[in-house]
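Listed below are the residues making up each chain.
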Amino acid sequence: MTADNPAAGTSAATAGTSGPRLLAGGPIAAEIRDALGTDFAAFKERWGYVPTLAVVLVGADAPSAVYLQQILRTCQRVGVEGRLVEIGSEVTADAVCNEIERLNADPAVAGIIVQMPLPAHIPLHAVIDSIDPAKDIDGIHPRNAGLLSLGYDGFLPATAQAAVEILKRSGIEIVGKRVVVVGRSNVVGKPAALLLLREHGSVTVLHSRTRDLGHYTRDAEILVVAAGRPGLIRGDMLSPGVVVVDVGINVVGDKLLGDVDFESARDVVSAITPVPGGVGPLTNALLLSHLLRAATDQAERGAAATAGTAAASAAGAAGQ
Ligand code: NAP
């Protein structure tokens, strides 16, 4: 392995002879969760209730099931209520939207996430549009996506944010680096590219119509892969010393595999996120930090509205 890629930075190039530096999300996630545990306890103390994260699952598929167990476990760890809302795959889009409207109106529910993919007959846009942007803690509503693209402070898609945070918190410099993102989905690739641009990387985005993927990936100093294709990126498609963030989670037999072929990549990269144990744990911790922000905003707005109503009635009574 060589580490002649400046993106690796000194702190990333710690592989020695035993292989690349593994950018583990677990320890970073644990730090975030510890702080969240304290913050959610303070929230309960101040507002008198525990906020709920509603996880809407329409039908079921294998990656969703894996992700679901993880998020519910993380809820438990930080002391928030995780509510699984299971809807059979045979329902109509209207039924799904009605369920989301109910969650929008439920004051205990501070955040709503909808597990993807949805069954093919349910239009994604209808479901996304029905989520209250103030409860859209995974940043999929057009309002939050628009805020991200303009550089404002909406809710960020947690996986894309995790892909960038793992680099930043591992001390890997992004400014001015040639950053390549494989994948352009609205939930991962596109927002990750926007966030990396915000960090001043020089970003190229690849997708299924890109001709000669390796031509671009070999140019990367930082490579973020979110394609959902196990082993898509092999070692011969990488330049020595590249830092790789593998967002892919693919269930293959009884294994979870990333989009990067770890065995052939390990001798080339300076640092890489493992699958599992890389981006995944951090995603959940960040999602719950968004839940804290959503819950706090909602509680403060509720209190301000109540105070406003009380002041208006007092003024009304005084004027009589
Ligand atoms: P997605 O919606 O299926 O999007 C995949 C993207 O990859 C698309 O933009 C697609 O291009 C591109 N792509 C597919 N095959 C390609 C190929 N052969 N060459 C180049 N680009 C290709 O998937 P997603 O929701 O973004 O998720 C991506 C991966 O991340 C999945 O493995 C998913 O399980 C994983 N994931 C992980 C987490 C986590 O917490 N770690 C969370 C969410 C998702 P087109 O646009 O041209 O179709």
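Residues numbered from 1 in each chain as written. Predicted model: local features only at pLDDT ≥ 70, side-chain atom pairs only at ≥ 80, totals over all residues.

A. Geometry of the overall build of the chain. Each helix and strand counted, the chain has 11 helices and 11 strands in total. What you see for the chain is a C-alpha radius of gyration of 21 Å, in line with the 20 Å of a compact globule of 320 residues. C-alpha extents for the chain along the principal axes are approximately 80 × 45 × 35 Å. Per-residue burial for the chain yields a buried fraction of 44% across its 320 residues. (Helix = DSSP H or I, 4+ residues; strand = E, 2+ residues; numbered from the N terminus. Rg over C-alpha atoms; globule rule 2.2 N^0.38 Å. Buried ≥ 20, exposed ≤ 12 C-beta atoms within 10 Å, placed from the backbone.)

B. The domain arrangement of the chain, seen in detail. Under the domain assignment, the chain is made up of domain 1 (15-27 + 156-278) and domain 2 (48-141 + 281-296). Opposite the 17 residues of domain 1 that make contact, domain 2 presents 13 residues. If you tally residues by element for the side of domain 1 that touches domain 2, the top one is helix H7 (residues 158-169), at six residues. Here the side of domain 1 that touches domain 2 is composed, by residue class, of 10 nonpolar, six polar and one charged. (Domains from an automatic or database assignment. Contact = placed C-beta atoms within 7 Å. Nonpolar A, V, L, I, M, F, W, Y, C, P; charged D, E, K, R; others polar.)

C. Highlighting helix H6 (residues 142-150). Of all the residues in H6, the buried ones are Asn144, Ala145 and Leu148. One side of H6 holds all its buried residues, which, seen down the axis, span an arc of 100 degrees. Residues Gly146 and Leu150 are exposed on H6 and point more than 90 degrees away from its buried face. Packed against the buried residues of H6 are helix H8 (189-198). (Arc of directions from axis to C-beta.)

D. Geometry of the site of the ligand. For the ligand, the set of nearby residues contains 27 residues, the closest of which are Gly183, Ser185, Ser208, Gly228 and Thr283. Residues that form the shell around the ligand fall into these classes: 12 nonpolar, 12 polar and three charged. (Near = placed C-beta within 6 Å.)

E. Layout of H7. The end-to-end C-alpha distance of H7, which contains 12 residues, comes to 15 Å, matching closely the 16 Å that a straight helix rising 1.5 Å per residue would cover. Counting buried positions along H7 gives 10 out of 12 residues, so the element sits mostly inside the fold. Turning to H7, its buried residues number three or more, namely Ala158, Thr159, Ala160, Gln161, Ala162, Ala163, Val164, Glu165, Ile166 and Leu167. Buried residues along H7 sit in contact with helix H2 (26-47), H8, strand S7 (222-225), strand S8 (243-246) and helix H11 (279-319). The first or second residue beyond H7 is Gly171, which carries a positive phi of 80 degrees. (Expected span 1.5 Å × (residues − 1).)

F. Summary view of the packing of H7 against H11. Their axes nearest at 8 Å, the elements H7 and H11 cross at an angle of 115 degrees. Seen from above, H7 lies across H11 with right-handed handedness. Here H7 contributes Ala158, Thr159, Gln161, Ala162, Ala163, Glu165 and Ile166 to the contact with H11, which in turn contributes Val279, Leu282, Thr283, Leu286, Leu287 and His290. A breakdown of the residues in the contact of H7 with H11 according to their chemical character gives eight nonpolar, four polar and one charged. (Axes fitted to C-alpha atoms, helices over the stretch in contact; angles between N-to-C directions. Left-handed = near helix turned anticlockwise from the far one by under 90°.)

G. Highlighting the sheet that holds strand S2 (residues 52-58). Strand order in this open sheet of three strands is S3-S2-S4, and the pairing throughout is parallel. Single-partner strands in this sheet number two, and they are strand S3 (81-87) and strand S4 (109-114). Adjacent strand axes in the sheet meet at a mean angle of 20 degrees when their direction is disregarded. Lying on the sheet, H11 is in contact with S2 and S4; it crosses S4 at an angle near 140 degrees. (Pairing = 2+ DSSP bridges.)

H. Region of the structure containing the sheet that holds S7. Here six strands make up an open sheet; going across it, the order is S1-S11-S8-S7-S5-S6 and the pairing parallel. Edge positions in the sheet fall to strand S1 (21-22) and strand S6 (202-206), since each of these pairs with one other strand and no more.

I. Structural context of the nonpolar core. Of all hydrophobic cores here, the largest spans 91 residues; its most connected members are Ala163, Val181, Ala192, Val224, Val225, Val244 and Leu291. Take this core: its biggest share by element is 10 residues, from H11. Each of domain 1 (15-27 + 156-278) and domain 2 (48-141 + 281-296) contributes no fewer than three residues to this core. Ala163 has contacts with Ala192, Val224, Val245, Val247 and Val279, leaving out every residue within four places of it along the chain. (Core = buried A, V, L, I, M, F, W, Y, C linked by C-beta atoms within 7 Å.)

J. Representation of the pairing of S4. Judged by how many residues are buried, S4 sits mostly within the fold: six of six residues are covered. In this sheet, S4 lies alongside S2 in parallel orientation, the contact comprising five bridges. Paired with Ala54 across the two strands is Ile112, which belongs to S4.

K. Seen up close, the environment of Ala192. Turning to its location among the elements, Ala192 is positioned in helix H8. Residues Ala192 and Arg178 lie 14 residues apart in sequence; the distance between their C-alpha atoms is 14 Å. Those residues in contact with Ala192 that sit more than four places away from it in its chain are Ala160, Ala163, Val164, Val181, Val224 and Ala226.

L. Molecular detail of the packing of H7 against H8. Across the interface, H7 lies against H8 with an axial gap of 8 Å and an inter-helix angle of 40 degrees. Taken together, the axis directions place H7 and H8 in an arrangement best described as oblique. Relative to H8, the crossing made by H7 is right-handed. Residues Ala160, Gln161, Ala163 and Val164 of H7 pack against Pro191, Ala192, Leu195 and Leu196 of H8. A class-by-class count of the residues in the contact of H7 with H8 yields seven nonpolar, one polar and no charged. (Parallel < 35°, antiparallel > 145°, perpendicular 65-115°, else oblique.)

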